[in-house]
Amino acid sequence: SGLSDGERYDEWRRIRRGEAGIVIGARSALFAPLADLGVIVVDEEHDGSFKQESGCRYNARDVAQFLGRQASAVVVLGSATPSLETYFNAMAGRVGYLPMSSRVAERAMPAVEILDVRATSDIGGVDEAGLSAPLLAALRATVAAGDQAILFLNRRGFSPCLSCHACGYVWRCPNCSVSLTFHQRPNRLRCHYCDHVAARPDRCPTCASTEVGRMGVGTERLEAALTEALDARVARLDRDTGYGSRLETLLGRFRRREIDVLVGTQMVTKGHDFPSVTLVGVVLADLGLNFPDFRASERTFQLLTQVAGRAGRGERPGRVLVQTYAPEHYALQSAARHSYARFVDSEMQLRRDLGYPPYGYLVALHFEGADEREVSRAARAWGGALKALVAGRESWQQAVTVLGPAEAPLGRLRNKSRWQLLLKSTARAALHDLLRALEAEPPKNSRVRVSIDVDPQSML
């Protein structure tokens, strides 16, 4: 995906001529014209980025398995935290299961400590930058010992939003159903979905108060606070700093130990090997838990497991401190114990009770258009047609549930209103038959875009 069109074409021709025996790439690498395909490796198979979310929707992990069957090739799905669908298939014998029970060179797993940062806890909460006293003390001790540390906060910018302290007004994106993120450098408000930019306001448009202040913490603010609090070299790795050649430059500096503390979003969790990192801090582990998505706990467990794995990869043991307002949550407790099995036991029970994957199949219908009333009418028309079809056939009544329609959690995106409808079934064939019946005579509305997403990865 980082190649220009010309570079991509040149590589495609090299592969076609048989000059390359190994192809490395993102989703589109699966369509490389290899003449004699023998092995496909899907690294970090659980990652949601393998799902193509627009145009021709597909999951590269599933396409890899289909392609492997067609070419009689071996397919390896690699992950320290497999998706529950893949694990379920392994336990059912549909794919082989090859567990790795220990780290490279038999190194010990890092010790993980959960810090309860609720105001009533012994720790007594966090400061304005989101740092608890134990985490700040651990950072100082790590730097003093000549080691390195990584701090993970999955929220970029200086502050998630600006608000008026007099009346409570919050500056929001005019195109999307989200607040504008404040970035101190430059002094601007920005939408991370449509890239709308606005100048930092001096007064409130509602009450004219000048009491305009920041709410919450992002990686930019955390970097500034640590630079002030520590006698250390602090740097930040997120989408604002880690793009193009700057990413390799920044990682190279950290690898050469020119940086003591690296603050970042999930970009710091992905497969990096820094032997001198002995401390990893998770500033707010609850962010992902509160998403309106049935996979929220799974993704939180995966992220925490991945970032914890950055600590103690050298000769010195690692330590991980996880700040949270929900210390009892099973996803956090399982990550703290490095227990994928414990997490699976808890999460699978919930999925089974609710009929969500891997115990059921989903199809999401997305409705998008400029006029909110037209979008809602179209969604209701499709919902009514689907419910009528289900009611008319006994096999569908028993196998398919129609949920919604309802406004999407992210109700407006890039100046388009968004609604969605969810089909849930115990049988994939029933979903396919139902959709074919609907597509034969779909409700008409030419100004509303309708897309059908089989096995959706995001509920937003």
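Because the structure is a prediction, the values reported are computed rather than measured.

Some points on the confidence of the model for the protein chain
Where the model shows low pLDDT, its predicted coordinates should not be examined in detail.
And then number 1: Averaged over all residues, the pLDDT of the protein chain equals 92, while 100% of them reach at least 70.
And then number 2: For the protein chain, the element scoring lowest by mean pLDDT is strand β11 (residues 212–215), at 81; strand β4 (residues 74–78) scores highest, at 97.

A closer look at the packing of aromatic side chains
And then number 1: On inspection of all chains with the given rule, the structure shows twelve aromatic pairs.
And then number 2: Here F31 and Y58 contribute two aromatic rings whose centre-to-centre distance is 5.6 Å and whose plane-to-plane angle is 80 degrees, an arrangement assigned as edge-to-face. Here F31 is found in the loop between α1 (5–16) and β1 (39–43), whereas its partner Y58 is found in strand β3 (residues 58–59), with 27 residues between them in sequence.
And then number 3: Ring geometry for F158 against F182: centres 5.9 Å apart, planes inclined by 80 degrees, an arrangement best described as edge-to-face. In this pair, F158 is assigned in the loop between β6 (148–152) and β7 (161–164) and F182 in strand β8 (residues 181–183), connecting sequence segments 24 residues apart. For the pair shown, F158 and F182 are each scored as buried.
And then number 4: Linked through ring pairs, Y87, Y97, F301, Y330, Y340 and F343 together constitute an aromatic cluster.
And then number 5: Over the face of the ring belonging to F182 we find R200, whose NZ or CZ atom lies 5.3 Å from the ring centre.
And then number 6: Its guanidinium or amino end placed over the ring of W396, R393 lies 3.8 Å from that ring's centre, counting from NZ or CZ.

Concerning helix α3 (residues 84–91)
And then number 1: If you check which residues of α3 are buried, you get L84, E85, T86, Y87 and A90.
And then number 2: In the core, the buried residues of α3 are packed alongside α2 (60–71), β4, α7 (296–308) and α9 (340–354).

Describing the sheet that holds strand β19 (residues 449–454)
And then number 1: Read across the open sheet, the four strands follow the order β17-β18-β16-β19; overall the sheet is antiparallel. Of all strands in the sheet, those bounded by a partner on one side alone are β17 (400–413) and β19. Across the sheet, the mean angle from the axis of one strand to that of its neighbour is 20 degrees, orientation sign disregarded.
And then number 2: The sheet strands contacting helix α10 (residues 372–391) are β16 (361–369), β17, β18 (416–425) and β19, and the helix crosses β18 at an angle near 15 degrees.

Concerning the state of the cysteines
And then number 1: Applying the stated criterion to the full structure yields zero disulfides.
And then number 2: With no disulfide of its own, C161 has C164 as its nearest cysteine by sulfur position, at a separation of 12 Å.
And then number 3: Taking the relative accessible area as the measure of exposure, C161 reaches 10% and is therefore buried.

Quick word on α7
Structurally, the α-helix is built with 3.6 residues per turn, so residues lying three or four positions apart point the same way.
And then number 1: For α7, built from 13 residues, the straight-helix expectation of 18 Å at 1.5 Å per residue is met to within 8% by its first-to-last C-alpha distance of 18 Å.
And then number 2: Extensive coverage of α7 is indicated by the burial of eleven of its 13 residues.
And then number 3: Summarising the contacts, the buried residues of α7 are in contact with α3, β6, β14 (277–282), β15 (319–324), α8 (330–336) and α9.

So, how was this worked out
Residues numbered from 1 in each chain as written. Predicted model: local features only at pLDDT ≥ 70, side-chain atom pairs only at ≥ 80, totals over all residues. Heavy atoms only, no water. pLDDT = per-residue confidence, 0-100. Helix = DSSP H or I, 4+ residues; strand = E, 2+ residues; numbered from the N terminus. Phe/Tyr/Trp six-rings, centres within 6.5 Å; stacked < 30°, edge-to-face > 60°. Buried < 20%, exposed > 50% of the residue type's maximum accessible area, 1.4 Å probe, protein only. Lys NZ or Arg CZ within 6 Å of the ring centre and 35° of its normal. Contact = heavy atoms within 4.5 Å. Pairing = 2+ DSSP bridges. Axes fitted to C-alpha atoms, helices over the stretch in contact; angles between N-to-C directions. Disulfide = S-S within 2.5 Å. Expected span 1.5 Å × (residues − 1).

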